[in-house]
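Coordinate inspection notes
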Amino acid sequence: MSKKSQVFLIVIVAIASAALTALLVNIFEKKVESTQPWVRVVEVDENDTNPEKWKANWPKQYELYAKTAITTRTRFGGHGGSEALPEEKIDRDPWLKRMFLGYAFSIDYRDRRGHAYMLQDQENTERLSKPQSGSCLHCHASIMPLYRELGDGDAMKGFEKTYQYSYMDLNKKLHESGHAYPVSCVDCHNPDNMEIRVTRPGFIQGIQRLADSDAPVPHLPSIERWRQGSREKPYDPNMDASRTELRSYVCGQCHVEYYCSDKMKLTFPWGDGLRVENIEKFWDNTTFPDGKRFYDYKHKESGAEVLKAQHPEFELWSQGIHARSGVACADCHMPYMRDGATKISDHWVRSPLLNINRACQTCHHFSEEEIKARVDGIQQKNFELLQRAGTALMDQLDAIQAAQAQGANAEDLAESLEFQRKAQWRLDFIAAENSMGFHAPQEAARILGEAADYARQGQVKAINWKKD
Ligand code: HEC
Ligand code: HEC
Ligand code: HEC
Ligand code: HEC
Ligand code: HEC
């Protein structure tokens, strides 16, 4: 080869490799762009609970998040009533109020509404006319910095102190610390890389309890995998869970059954599994520090030591076909939407029935009317069963009252009162769950069937109190 052509070749190779490098860089940048289609204008860190600050970097997600302040309404979802205050649930279903007699829920129990209101609605509820514990704030505020402050840097330690604070005192501290915001970006995202994660101590301890149990969780494969391993380190949802699981875990930080009062720390009762009878067993085996069997309140009419169920969305979803098929809360409640060339998650968390096109039709190829009709069919059947089980419980309470009028005492009625505890626990589990049976229709029907059966058995026991 001549010197001239040698130089020529070198130049060609140089140009080609430069072009290739440029191409690779371009492809790489595109890749980065499609996974991280944002420009960081401001730095955000663990203490940035004010979502406004995050807005500069992620304006679309912020705008959608802010829409949770808008009223939404479906047949069973969203809220009725005025903007000042959502409708009272206890007035709509009179049996609900009687079921709660002796507990703060009989004073004020309203429809839920959007995330934007969570702190305000908690601060305004008349349930606070009875003293409540600082644990309440776990799910109604962006509270992690305050937990760290109370635990000298250790959030878990800080959290474990908070049940001993009164609600009023801890709420005051929250406001003074400057973190009085509803659930915020930092609660679900790692501020360094925006990956989703869980932060809430109650959830982390609860899911570890579940992992340590041998309850089957086919819908949470990372737990089953962890159980097969050495178990040297506790199950860590942020390290061990898949992204799909995290897309439900973030919601499971709050949309769950719990104990929240001043006798012990906030507890997610998953040590025997997630099904209604697993949780019942967990509570039945729980004792207060004074050695007494666990209960949430004594029923004012009957004296039964009963349990109060709270919004078990995560638990009921766990028993349904969607969970089993890997469909996460976020798939239906935060579906993807197009934003120019990128896909973003709809941070306007609300009823998927307002969004069937993006929430359901990505998987179900039926018309919107058809999908709506299927959901309505499920919810209507659940509603009817719920009313029947409610009626059965009221009949039991009537029978107990009649027996008491005839002179029956607590001992005479002991068996009936145990049936009330079982019946009411199941009835309330589905009444407090917010999907009107949709998250797991067959499971909800099973639970309501048991509720009605236990109430009727308890009714018979009360009627026959002299004979037994
Ligand atoms: C397959 C889709 C789907 C999945 C998955 C799903 N949901 Fe739902 N969810 C629904 C539907 C449908 C309703 C009923 C909405 C209505 O009645 O307007 C609902 C209702 C709700 C409601 C009440 C909504 C309102 O407007 O009042 C809450 C809260 C909720 N779900 C939370 C969750 C949580 C938490 C998870 C995960 C643990 C979850 N959902 C998983 C479809 C889903
Ligand atoms: C484990 C999380 C969690 C804890 C702890 C918690 N909440 Fe909530 N709260 C929720 C969720 C989720 C909703 C929305 C679903 C619903 O209304 O069923 C809600 C709804 C509410 C509402 C609006 C609807 C209603 O019930 O009238 C009020 C008020 C409220 N909570 C007050 C409280 C008080 C007071 C405490 C402490 C005793 C408390 N919360 C503790 C998660 C929690
Ligand atoms: C920090 C606790 C917390 C987390 C995390 C959380 N929620 Fe909520 N959610 C609440 C509370 C509290 C309310 C009720 C607010 C009120 O009534 O003022 C609520 C209300 C809702 C509603 C009713 C909205 C409406 O317009 O009526 C839906 C639907 C919902 N949440 C779904 C979800 C889903 C899905 C996730 C996960 C992506 C999630 N939530 C994460 C606490 C939480
Ligand atoms: C209740 C939990 C929750 C809160 C609060 C929340 N997000 Fe998200 N966010 C999610 C989930 C779930 C995804 C989907 C992540 C995935 O699939 O990897 C997501 C995704 C994102 C993404 C990735 C792109 C996308 O849209 O899918 C960005 C950016 C983001 N959120 C920004 C924010 C900002 C900014 C805020 C506060 C204004 C916020 N998020 C509040 C749960 C939350
Ligand atoms: C990510 C995919 C996905 C999304 C999103 C989804 N589904 Fe499903 N859905 C499934 C799968 C998978 C099944 C199980 C049956 C099957 O394999 O076809 C199912 C089953 C159902 C069933 C039958 C339930 C039963 O108990 O037999 C109904 C009804 C349903 N979906 C409604 C909805 C509605 C309403 C939405 C939106 C709120 C929705 N789905 C969103 C995947 C999805």
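**What about the pairing of strand β4 (residues 342–345)?**
A regular strand places its side chains on the two faces of the sheet in alternate fashion. Sheet topology note: the strand β3 (residues 336–339)/β4 ladder contains four bridges and is antiparallel. By the bridge assignment for β4, Arg338 is matched with Lys343. Counting the residues in the hairpin turn of β3 and β4 gives two residues, including Gly340, whose phi is positive at 60°.

**Quick word on helix α9 (residues 167–177)**
Inspection of α9 places Tyr167, Leu170, Asn171 and Leu174 among the buried residues, and these make up the whole buried set. Down the axis of α9, the smallest arc covering the buried residues is 100°, so these residues share one side. Turned more than 90 degrees away from the buried face of α9, the exposed residues are Asp169 and Glu176. In this structure, the buried residues of α9 make contact with α6 (118–124) and α7 (144–150). Directly beyond the C-terminal end of α9, a positive phi value near 80° is found at Gly178.

**Overview of the site of ligand 4**
For ligand 4, the set of nearby residues contains 23 residues, the closest of which are Gln61, Cys185, Cys188, Ile344 and Ser345. Those elements that place two or more of their residues in the shell around ligand 4 are α2 (51–55), α3 (59–66), α10 (185–188), α14 (243–252) and β4. Of the residues belonging to the shell around ligand 4, the class tally is 15 nonpolar, five polar and three charged.

**Quick notes on the confidence of the model for the protein chain**
Regions with low pLDDT should not have their predicted coordinates read in detail. Residues with a pLDDT of 70 or more make up 91% of the protein chain, whose mean pLDDT is 92. With pLDDT under 50 throughout, residues 28–34 is counted as low confidence; its partners more than four residues away or in other chains account for one contact.

**Digging into helix α20 (residues 368–405)**
Spanning 38 residues, α20 covers 55 Å between terminal C-alpha atoms, matching the ideal 56 Å at 1.5 Å per step. Gly407, located one to two residues past α20, shows a positive phi value of around 105°.

**Focus: the site of ligand 1**
Around ligand 1 there are 28 residues in total, and Thr74, Gly77, Cys329, Cys332 and Ser351 lie nearest to it. Those elements that provide at least two residues to the shell around ligand 1 are α14, α16 (313–318) and α18 (329–333). For the shell around ligand 1, the leading source of residues is α18, giving four residues. Here the residues of the shell around ligand 1 sort into twelve nonpolar, twelve polar and four charged.

**Things to note about the packing of α20 against helix α22 (residues 441–463)**
It is the contact of α20 with α22, at a shortest axis distance of 8 Å, that shows an interaxial angle of 15°. Comparing their axes, α22 and α20 come out roughly parallel. Judged by the twist between their axes, the crossing of α20 over α22 is left-handed. Each residue belonging to the contact of α20 with α22 can be placed in one class, and the counts come to 18 nonpolar, four polar and three charged.

**Brief notes about the nonpolar core**
Counting residues in each nonpolar core, the largest one holds 105 residues, and the members touching the most others are Ala389, Leu393, Ile430, Leu448, Ala451 and Ala455. If one sorts the elements of this core by residue count, α20 sits on top with ten residues. Residue assignment places this core across two domains, with domain 1 (51–352) and domain 2 (368–463) each supplying three or more.

**A word on unusual backbone geometry**
Negative phi is the rule for most residues except glycine; trans is the rule for most peptide bonds. The backbone phi angle of Arg231 is positive, close to 60°, even though this residue is not glycine. In this structure, Arg231 sits in the loop between α12 (221–228) and α13 (237–240). The class for Arg231 is exposed, based on 11 C-beta atoms found within 10 Å.

**Side note on the packing of α20 against helix α21 (residues 414–432)**
Contact geometry of α20 with α21 gives a least axis separation of 10 Å together with a crossing angle of 155°. On the basis of the axis angle, α20 is roughly antiparallel to α21. Along this stretch, α20 crosses α21, giving a crossing that reads as left-handed. Of the residues in α21, those touching α20 at Leu386, Ala389, Gly390, Leu393, Gln396 and Ile400 are Ser416, Gln420, Ala423, Gln424, Leu427, Ile430 and Ala431.

**With respect to the domain arrangement of the protein chain**
Quoted interface sizes are often the accessible area lost when the parts come together. Assigned domains within the protein chain: domain 1 (51–352) and domain 2 (368–463). For domain 1 and domain 2, the distance between their C-alpha centroids amounts to 24 Å. Counting from both sides, the interface comprises 28 residues of domain 1 and, opposite them, 28 residues of domain 2. Put simply, the parts of the chain that give the side of domain 1 that touches domain 2 at least two residues each are α5 (94–99), α15 (276–284), β2 (305–306) and α16.

Parameters and conventions
- Residues numbered from 1 in each chain as written.
- Chains lettered and ligands numbered in written order.
- Predicted model: local features only at pLDDT ≥ 70, side-chain atom pairs only at ≥ 80, totals over all residues.
- Pairing = 2+ DSSP bridges.
- Helix = DSSP H or I, 4+ residues; strand = E, 2+ residues; numbered from the N terminus.
- Buried ≥ 20, exposed ≤ 12 C-beta atoms within 10 Å, placed from the backbone.
- Arc of directions from axis to C-beta.
- Contact = placed C-beta atoms within 7 Å.
- Near = placed C-beta within 6 Å.
- Nonpolar A, V, L, I, M, F, W, Y, C, P; charged D, E, K, R; others polar.
- pLDDT = per-residue confidence, 0-100.
- Expected span 1.5 Å × (residues − 1).
- Axes fitted to C-alpha atoms, helices over the stretch in contact; angles between N-to-C directions.
- Parallel < 35°, antiparallel > 145°, perpendicular 65-115°, else oblique.
- Left-handed = near helix turned anticlockwise from the far one by under 90°.
- Core = buried A, V, L, I, M, F, W, Y, C linked by C-beta atoms within 7 Å.
- Domains from an automatic or database assignment.

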